[in-house]
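Overview (structure and organization)
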Amino acid sequence: MSWDKERIDMNIYSQGDVDKWVYNTCNICSVGCGCYIAVKDEKIVGIKGNGKHPTNRGRLGPKGENQWYANNSTDRLVTPLIRNSSGELTPAT
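Let me sum up the structure you'll find in this document. Small disclaimer: the values here were computed from a predicted structure and weren't measured.

**A short note on the pattern of salt bridges**
In total, this model carries three salt bridges according to the counting rule given. Two residues, E6 and K52, come together in a salt bridge whose shortest N-O distance is 3.4 Å. Here the residue E6 occupies a position in the segment before β1 (10-12), and K52 occupies one in the loop between β4 (43-49) and α1 (62-66), the gap between them amounting to 46 residues. Take E6: its relative accessible area is 38%, and that puts it in the partly exposed class. Of the charged contacts in the structure, one is a salt bridge between R7 and D9, with a shortest N-O distance of 2.9 Å. By relative accessible area, R7 is classed as partly exposed at 44%.

**Side note on the nonpolar core**
C35, I37, I47, L60 and W68 form the largest nonpolar core, which has five residues in total. Excluding its chain neighbours within four sequence positions, the residues that come into contact with W68 are N11, I12, Y13, I44, V45, G46 and I47.

**Thoughts on the packing of aromatic side chains**
Applying the stated criterion across every chain, the model contains two aromatic pairs. Relative to Y36, the ring of Y23 lies with its centre 5.7 Å away and its plane at 70°, an arrangement referred to as edge-to-face. Remark: Y36 occurs in strand β3 (residues 34-40) and Y23 occurs in strand β2 (residues 20-25); sequence separation between them is 13 residues. Classification of Y23 as partly exposed rests on a relative accessible area of 46%.

The rules behind each value
Within any chain, residue numbers begin from 1 and follow the written order of that chain's sequence. The model is predicted, so local features are restricted to residues of pLDDT at least 70 and side-chain atom pairs to those at 80 or more, both for listing and for counting; the totals for chains, interfaces and linings are taken over all residues. Hydrogens and water are ignored here; the side-chain numbers use all heavy atoms of the structure. Definition used for salt bridges: Asp or Glu carboxyl oxygen within 4 Å of a side-chain nitrogen of Lys or Arg. Each helix is a run of H or I in the DSSP string that is no shorter than four residues. Each strand is a run of E no shorter than two, and both are numbered from the N terminus. For the exposure calls, accessible area comes from a 1.4 Å probe over protein chains only, and a residue counts as buried if that area is under 20% of its type's maximum, exposed if over 50%, partly exposed in between. What is meant by a nonpolar core is a set of buried Ala, Val, Leu, Ile, Met, Phe, Trp, Tyr and Cys residues, joined one to another through side-chain atoms within 4.5 Å. Contacts are residue-level and defined by heavy atoms, with any inter-residue pair within 4.5 Å sufficient. The pairing test for Phe, Tyr and Trp rings, Trp by its six-membered ring, is centres within 6.5 Å, and the orientation test on the planes gives stacked under 30 degrees, edge-to-face over 60, and tilted for anything in between.

As structure tokens, this is what we get:
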């Protein structure tokens, strides 16, 4: 389903201008809505919908609009882990 008119949903937190916008698709569900990721100082600081994308015409669902917050969480894993034979989590190769 597509909407007749575009509407750009946006959720950004940034101190100053965004350094760059990176084209992407939302990774929350399997629809694949088009979006742009806001990057500032090599960190994700927001998201906005892609008004030209035929699926979502710039709209983002509530989960997609807020998905970027988890990337800045202090307890976010940055290395994949696997359990060793002792049951302890160790970095995966």
